[in-house]
Amino acid sequence: MTAETPKIAKLDAEGLSLKSVSLWQITWRRLFKRKSAILGMVILGILVFVALTAQWLAPYPPTLSMLDANPPQNLDKRSAPCIHLFGCPADQPQHILGTDGNIRDEFSRLLYGSRLSLMVGLATVSFAIAIGTVLGALSGYFGGWVDNIIMRVMDVLLAFPSLLLAIAIVTVLGPGLINALLAIGIVSIPSYARVVRASVLSVREMDYVSATRALGGNTNQILFRRILPNALTPLIVQGTLGIATAILDAAALSFLGLGAQPPTPEWGSMLGAERNQVFTAPHLVFYPGLAIMLTVLSFNLLGDGLRDALDPRLAHVS
Amino acid sequence: MTTYILRRLLLSIPVLFGILFATFALSRLIPGDPCRAMLGEKATDAVCNEFISRHGLDKPILVQFGVYVNEIAHGDFGRSFRFSKPVTDLLMERLPITVELAVAALLISILVGVPLGVISAVRHNSWVDVLTMLWANIGVSMPVFWLGLMLAYVFALALKDTPFQLPPSGRLSPGILTTPFYDVWGLSLGSGGFFSTLAEFISRMNILNSVLSADWETLGDAIKHMILPAVALGTIPMALIARMARSAMLEVLGQDYIRTARAKGLARNVVITKHAFRNALLPLVTVIGLSLGGLLGGAVLTETVFNLSGVGRILYDAITARDYGIVQAFTVVIAIFFVALNLIVDISYAYLDPRIRLN
């Protein structure tokens, strides 16, 4: 009896016990073993919190000029940050990050900007994943001329440097946040289509797919129930990293004046509007850029962490 | 090898057609009257009628596409209404500046990124490794326009009157002039020929031109102006290259033949440079090839920030002025350029790895 106990314990350690552990539980556990992934999640958590509570955290509405505040504040344009704790005279109104070119509170605008940034990332990537998945699945499942046509179109999209194609699309559609999102979404379709196509190709001929077909499953069932779930993990990784790129590209378009239009508190356009003032009011350039960088960094760290955590080749690590 | 190159060349033809079709479609999707979109709101009816018949805009859409492809094949990208000169001339003026910037950025990113990645792999988990990876993660997350502005602030204002002061904009200081190298050499090239166009193109790259004409003062000034934009533009590819160099090296260093090489008593440096690094080159070429597209897109932002009158800057101006002719032409040219670069990258794979060309 005593001789058998360690054997059972060993089986447990190898994950062979009856209690099943799902892929997501394993992934979650592995994710928490990586310091960089934790850092990414912490930054992202703070961002989501700020985005959800911006209206309570922000001292002023994001588009309110301080001249119209109650009581009106007679401040200069682009006044330097004033924090009472750090010795700013108490008779001056407190603006943690100063005010911008239209005498609006930079800190409030920055807080509200987190909403747009997250929205931009999620919206473009969901759009691109939805279309990319359909195209990639059709391409991989049917093969032949369907595959040829779809993948050649994707090749053409990939032949343009992505930011440039987005610029060309927005120039035609006209500037604006929605058009910028559409442009970035279109530009990022090919990478998802390729990921899904590759997964579909790898499982299309598997026995369990043939079994479903033999049991009378229709194309829908085979594609959506049997094949596509296999593409989920690479899509999650690609999507998380894709959000980072989408946020960067959207900020770049807004910086060029093609994305969000003033007075929208969008980080890229806030930075773009004040870029000529970098020598006189560097805080108006520094903080929006820092915010973009931290947001992008959090998705990059999380994406890298997820890629490692979901990689079955690294199974022995956990 | 020749068959491989030929096959790759043939494969890129449909892509080129796709690019032409996509830009053609974009130009036809511009809201409103195509003539006034291309020539500006002030174009008169007479000018517009002439424009419409010349470009076949009154003909079926496929014929229009044929006319468009034919024009581009003859190097005719139309005229810019704001500069009132052919777009091709503008391209020849501006492209050298962008090429110079992109090459400088790529050189910086390779010369810094590769050694950093290799050292991180060799000293896996040391402080060098941790710092490099931290820097690489931050590097890929930075908006290039923000980095550019911050560099300009630090090196032009915060470090003013120190030896590290660098100019925040422009290509040369006022008063510094360049003479085309062919004038210095006393060559007369005539005009219009292939060689004169090439010589003019090269002479517009300040750094290369001043080296060729042995003008060291201009060279120093041109390099000083190039440092900040090139560092800003090169940071993202640098981070990507460092990461890729590290992971490729880590993979190779774990192979049995590396252990064999060490076991037979080879010097550590020989093992790293000859046995390991050469085998890590292929993924590196891939990532360098992939970052070229980002480099061309980033050039638009970098040139805007640093007031460099390259392709990116003119594209930005054209967007704000709604000069569609330029946007369309430059998108085509940059995309074709990008396809050509990818072709070169693919061919260099085949050169580096015989398995690819034999497959």
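I will try to describe carefully the structure that is included in this document. Everything numeric in this text was worked out from a predicted model, so none of it was measured.

About the cut-offs
Per chain, residues are indexed from 1 in the order of the written sequence. Here the convention is simple: chains get letters from A, ligands get numbers from 1, in the order in which they are written. Given that this is a predicted model, residues contribute local features only at a pLDDT of at least 70 and side-chain atom pairs are listed and counted only at 80 or more, while totals for whole chains, interfaces and linings are drawn from all residues. Based on all heavy atoms of the structure, the side-chain values leave hydrogens and waters out of the count. Helix and strand definitions follow DSSP, with helices as H or I runs of at least four residues and strands as E runs of at least two, each counted in order from the N terminus. Atoms counted for the radius of gyration: C-alpha only. Globule rule: 2.2 Å times the number of residues to the power 0.38. Each residue gets one of three labels from its accessible area relative to the maximum for its type: buried under 20%, exposed over 50%, partly exposed in between, using a 1.4 Å probe on protein chains only. Here, Shrake-Rupley sampling with a 1.4 Å probe gives the accessible areas, and only protein chains in the shown set may cover a residue. Counted as positive: Lys and Arg. Counted as negative: Asp and Glu, with His and the chain ends omitted from the count. A charged residue contributes its charge at one atom only: NZ of Lys, CZ of Arg, CG of Asp or CD of Glu. In what follows, a contact means two residues having at least one pair of non-hydrogen atoms within 4.5 Å. Helix span, expected: 1.5 Å multiplied by one less than the number of residues in the helix. The quantity called bend is, for any residue, the angle between two axes fitted respectively to the seven residues ending at it and the seven beginning at it. Salt bridge, as used here: a side-chain nitrogen of Lys or Arg that lies within 4 Å of a carboxyl oxygen of Asp or Glu. Two cysteine sulfur atoms form a disulfide, by the criterion used here, when they sit within 2.5 Å. Working definition of a nonpolar core: buried Ala, Val, Leu, Ile, Met, Phe, Trp, Tyr and Cys residues. They are joined through side-chain atoms within 4.5 Å. Here a polar contact is recorded for every N or O atom pair within 3.5 Å, except that within protein the pair must consist of a potential hydrogen donor and a potential acceptor, and residues adjacent in sequence are included only if both atoms are side-chain atoms. For patch detection, residues must exceed 30% relative accessible area and be free of salt bridges, and they are connected within 9 Å for like charges or within 5 Å for nonpolar side chains (Val, Leu, Ile, Met, Phe, Trp, Tyr). Working definition: a ring pair exists when centres of Phe, Tyr or Trp rings (six-membered ring for Trp) sit within 6.5 Å. Plane angles under 30 degrees give stacked, over 60 give edge-to-face, the rest tilted. Between N-to-C directions, angles span 0 to 180 degrees; the directions come from axes that are lines fitted to C-alpha atoms, helices contributing only their stretch in contact. Relative orientations are named as follows: roughly parallel for angles under 35 degrees, roughly antiparallel for angles over 145 degrees, roughly perpendicular for angles from 65 to 115 degrees, and oblique for any other angle. Working rule for handedness: look at the near helix, and if it is turned counterclockwise from the far one by less than a right angle, call the crossing left-handed; if clockwise, right-handed. Each residue gets one label: Ala, Val, Leu, Ile, Met, Phe, Trp, Tyr, Cys and Pro are nonpolar, Asp, Glu, Lys and Arg are charged, and the others, such as Gly, are polar.

What to know about the overall build of chain A
Counting its secondary structure elements, chain A contains twelve helices and zero strands. Listed by position from the N terminus, the elements making up chain A come as α-α-α-α-α-α-α-α-α-α-α-α. Whereas a compact globule of 318 residues would reach a radius of gyration of roughly 20 Å, chain A reaches 25 Å, over 25% beyond that. Across its three principal axes, chain A shows a C-alpha extent of roughly 75 × 65 × 30 Å. Counting the 318 residues in chain A, one finds 50% classified as buried. As displayed, chain A offers around 15,700 Å² of accessible surface, 64% of which is attributable to carbon and sulfur atoms. Positive and negative side-chain charges in chain A, numbering 23 and 19 respectively, have mean positions lying 8 Å apart.

Some thoughts on the overall build of chain B
Helices and strands together make up the secondary structure of chain B, namely 16 helices and two strands. With respect to the principal axes defined by its C-alpha atoms, chain B has extents near 80 × 60 × 45 Å. When each of the 359 residues of chain B is scored for burial, the buried share is 47%. Residue pairs in contact within chain B that sit at least 24 positions apart in sequence constitute 72% of those at least 6 positions apart. A gap of 11 Å separates the mean positions of the 28 positive and 24 negative side-chain charges of chain B.

Some thoughts on helix α13 (residues 268-306) of chain B
Residues and elements named next belong to chain B. In this model α13 runs just 44 Å from its N-terminal to its C-terminal C-alpha over 39 residues, more than 12% under the 57 Å that 1.5 Å per residue would give. Bending of α13 peaks at approximately 50° at the position of F277. Two residues or fewer past α13, N307 is found with a positive phi of approximately 55°.

Re unusual backbone geometry
Following A:P262, the chain continues to A:P263 via a peptide bond in cis, the omega torsion being 5°. For A:P263, the location among the structural elements is in the loop between α10 (232-255) and α11 (267-273). In this structure, A:I103 is a non-glycine residue whose phi angle is positive, near 55°. Within the secondary structure, A:I103 sits in the loop between α3 (35-57) and α4 (106-142). Classification of A:I103 by relative accessible area gives buried; the value is 10%. With a phi close to 65°, B:D161 is a non-glycine residue in the positive phi region. Along the chain, B:D161 turns up in the loop between α7 (144-158) and α8 (181-184).

With respect to the pattern of salt bridges
Side-chain pairs of opposite charge can arise where the charged atoms are in close proximity. Enumeration over the complete set of coordinates arrives at 17 salt bridges over all chains. The shortest N-O distance in the salt bridge between B:R171 and B:E100 comes to 3.3 Å. Placement of B:R171 in the loop between α7 and α8 and of B:E100 in helix α5 (residues 87-122) is noted, with a sequence separation of 71 residues between them. Between B:R259 and B:D256 there is a salt bridge, and its shortest N-O distance comes to 3.7 Å. One end of the pair, B:R259, and the other, B:D256, are both in helix α12 (residues 256-263), three residues apart, so they sit about a helical turn from each other. The exposure classification of B:R259 matches that of B:D256, with both residues exposed. What emerges from the salt-bridge pattern is a single network uniting A:D100, A:R104 and A:R109.

Regarding the state of the cysteines
Residues and elements named next belong to chain A. Throughout the structure, instances matching the rule amount to one disulfide over all chains. Across the disulfide from C82 sits C88; the S-S distance is 1.8 Å. Residues C82 and C88 are joined by a disulfide whose S-S torsion is about -90°; by sign, that bridge is left-handed. The burial state of C82 is the same as that of C88; both residues are buried.

What to know about the nonpolar core
By size, the foremost hydrophobic cluster in this structure holds 165 residues, and its most contacted members are A:L253, B:F145 and B:F330. Tallying contributions element by element places α13(B) first for this core, with 16 residues. Apart from the residues within four sequence positions on either side, B:F330 is in contact with B:V87, B:L90, B:L91, B:V311, B:I314 and B:L315.

Quick word on the side chain of A:S254
Residue and element names in this part refer to chain A. Residue position: S254 is located in helix α10. One polar contact links S254 to E266, side chain to side chain, over a distance of 3.2 Å. With residues up to four places along the chain from it excluded, the contact list for S254 reads G259, A260, E266, G268 and S269.

Some details on the interface of chain B and chain A
Facing the 43 residues of chain B at the interface are 37 residues of chain A. In this structure, the connection of chain B to chain A is made through one salt bridge. The salt bridge involving A:D304 is made with B:R243; its shortest N-O contact spans 2.9 Å. Inspection of the region where chain B meets chain A yields five residue pairs in polar contact (both at pLDDT 80 or more). Put simply, the parts of the chain that give the side of chain B that touches chain A at least two residues each are α1 (2-29), α6 (127-141), α7, α13, α14 (311-321) and α15 (324-352) of chain B.

Re a nonpolar patch on the surface
Residue and element names in this part refer to chain B. A cluster of nonpolar side chains, namely V184, W185, L187, L189, F194, F195, L198, L208 and L212, defines an oily patch on the protein surface of about 870 Å² accessible area. Broken down by secondary-structure element, the contributors of at least two residues to the nonpolar patch are α9 (194-203) and α10 (206-212). The greatest single-element share of the nonpolar patch, amounting to three residues, is contributed by α9. Locating L212 in the fold gives a position in helix α10.

Thoughts on the packing of aromatic side chains
All names here are of chain A. Enumeration over the complete set of coordinates arrives at eleven aromatic pairs over all chains. Geometrically, the ring pair formed by F286 and Y287 is edge-to-face, given 5.1 Å between the ring centres and 75° between the ring planes. What makes Y287 partly exposed here is its relative accessible area of 27%.

Concerning the environment of B:Y351
All names here are of chain B. Tracing the chain through its elements places Y351 in helix α15. With relative accessibility at 63%, the residue Y351 sits in the exposed group. For Y351 and M1, which are 350 residues apart along the polypeptide, the C-alpha to C-alpha distance reads 7.9 Å.

Comments concerning the packing of α4(A) against helix α12 (residues 283-310) of chain A
For any two helices packed against each other, the geometry comes down to the angle between their axes and how far apart the axes lie. Residues and elements named next belong to chain A. Across the interface, α4 lies against α12 with an axial gap of 11 Å and an inter-helix angle of 30°. Here α4 is positioned roughly parallel relative to α12, judged by the angle of their axes. In the packing of α4 onto α12, the handedness of the crossing is right-handed. Mapping the contact onto sequence places E106, L110, S117 and L118 in α4 and L284, Y287, P288, A291, T295 and F299 in α12. Residue composition of the contact of α4 with α12, by class: seven nonpolar, two polar and one charged.

With respect to the packing of helix α5 (residues 144-159) of chain A against α1(B)
It is the contact of α5(A) with α1(B), at a shortest axis distance of 9 Å, that shows an interaxial angle of 70°. Judged by the inter-axis angle, α5(A) sits roughly perpendicular to α1(B). Across the interface between the two elements, A:D155, A:V156 and A:A159 from α5(A) touch B:V15, B:G18, B:I19 and B:A22 from α1(B). In the contact of α5(A) with α1(B), the residues fall into five nonpolar, one polar and one charged.

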